[in-house]
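Summary of the model geometry
If you want the building blocks of each chain, they are given just below.
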Amino acid sequence: MKLIIAGSTGFVATEIIRQAISNPAVTSIIALSRRETTPPPNAGADASKLKSVVCNDFSNYSEDVKKELAGADACIWTIAVGISKVKTMPFEEVRKICLDYTVTGLETICPLGSKPFRFLYISGSNTTRDQTKKPLFMPDYSLVRGEVENRVLAYAKESNGAVVSCLAKPGLIKRPGQTAISGGIFPAIARAVLGVPSVELIHISATLIDQAVNGIEKDALLCDDMTRIGSKAFANLKPSS
Ligand SMILES: NC(=O)c1ccc[n+]([C@@H]2O[C@H](COP(=O)([O-])OP(=O)(O)OC[C@H]3O[C@@H](n4cnc5c(N)ncnc54)[C@H](OP(=O)(O)O)[C@@H]3O)[C@@H](O)[C@H]2O)c1
């Protein structure tokens, strides 16, 4: 299968790429980003199936970029402003990157792909879909991320089966070997006080690839789902050669 990974230079995408390279069911990986994507250092010999595609404008894809995206079977969308970076830019910019880029990505990429096309979107556990609510924690951000979820779900519903979507809803994503303390003060507080659920990086990555390849179990996956699906899928992965 041909798999698009959007936001391919990011933290989660790098692990998805590393695992997708080792997965024989994935025959072609399009790494879509605003800058060049290099194969992870430990990627092994199969890294030749990775192609870096640079998109200069996520509001308006060039014909060259569209050609590279055509004929894919699935897309894992990771482009967003993470919670820790929200305060580093004007909120209109956060909204554009999180919402507008995702909707344009859906509308551009899905029609170019096979049917049914699988669109997997990494969201978060702190999202508010009901746009009339005023959540207590980071309200504007929570509402925008909830609006993206609404748009992804609606797009798939209105496609009459041409597009199947999946929302991955992690709380904290833990690096290999990360403990409550090594993750930093915010993750430690979040886990201890706010009860934010967590999932291992290897498990969310393995889950998304599994769902892209084998089909989507349900339209929203929580941390427990991803630990269950991802630990099984990761155990079946052949080591990189
Ligand atoms: N990391 C976590 O613990 C965590 C927890 C819960 C949910 N999530 C969610 O998981 C998803 C992926 O997270 P991550 O940690 O992998 O994020 P990340 O490392 O910040 O990667 C984000 C990707 O989006 C791209 N991007 C950001 N701004 C862009 C822009 N203006 N134009 C084009 N591309 C842009 C980045 O490109 P550059 O590399 O060029 O900046 C990168 O490829 C996000 O939706 C995040 O909210 C993450």
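This structure is a prediction, so every number in the text was calculated from the model and none was measured. (Residues numbered from 1 in each chain as written. Predicted model: local features only at pLDDT ≥ 70, side-chain atom pairs only at ≥ 80, totals over all residues. Heavy atoms only, no water.)

**Considering the pairing of strand β1 (residues 2-6)**
On any regular strand, side chains alternate: one points to one face of the sheet, the next to the other face. For β1, a buried count of 5 out of 5 residues is recorded, marking the element as mostly surrounded by other parts of the structure. Neither face of β1 is left uncovered, since the one carrying Lys2, Ile4 and Ala6 and the one carrying Leu3 and Ile5 both have all their residues buried. Pairing analysis gives 5 bridges linking β1 to strand β2 (residues 28-33), with the strands arranged parallel. Bridging from a neighbouring strand, Leu3 pairs with Ile29 of β2. Pairing of β1 with strand β4 (residues 74-77) involves 4 bridges; the strand directions are parallel. Its bridge partner lying in β4, Ile5 is registered against Ile76. (Buried < 20%, exposed > 50% of the residue type's maximum accessible area, 1.4 Å probe, protein only. Helix = DSSP H or I, 4+ residues; strand = E, 2+ residues; numbered from the N terminus. Pairing = 2+ DSSP bridges.)

**As for the site of the ligand**
The environment of the ligand is made up of 23 residues, and the closest members are Thr9, Val12, Arg34, Arg35 and Arg145. Backbone polar atom of Gly7 to an oxygen atom of the ligand: 3.0 Å apart, as the coordinates give it. Here an oxygen atom of the ligand sits 3.2 Å away from a polar atom, N or O, in the main chain of Ile122. Calculation on the ligand without its partners gives an accessible area of 900 Å², and the protein chains cover 82% of this total. Across the shell around the ligand, the residue classes tally to 11 nonpolar, 8 polar and 4 charged. (Near = heavy atom within 4 Å. Polar contact = N/O pair within 3.5 Å; in protein donor to acceptor, adjacent residues only side chain to side chain. Areas by Shrake-Rupley, 256 points an atom, 1.4 Å probe, with all protein chains shown as cover. Nonpolar A, V, L, I, M, F, W, Y, C, P; charged D, E, K, R; others polar.)

**What about the confidence of the model for the protein chain?**
For residues with low pLDDT, the predicted coordinates do not support detailed interpretation. Looking at the protein chain, the pLDDT average stands at 93 and 92% of residues meet or exceed 70. Across the protein chain, the element-wise mean pLDDT spans from 63 in helix α5 (residues 185-194) up to 99 in β4. (pLDDT = per-residue confidence, 0-100.)

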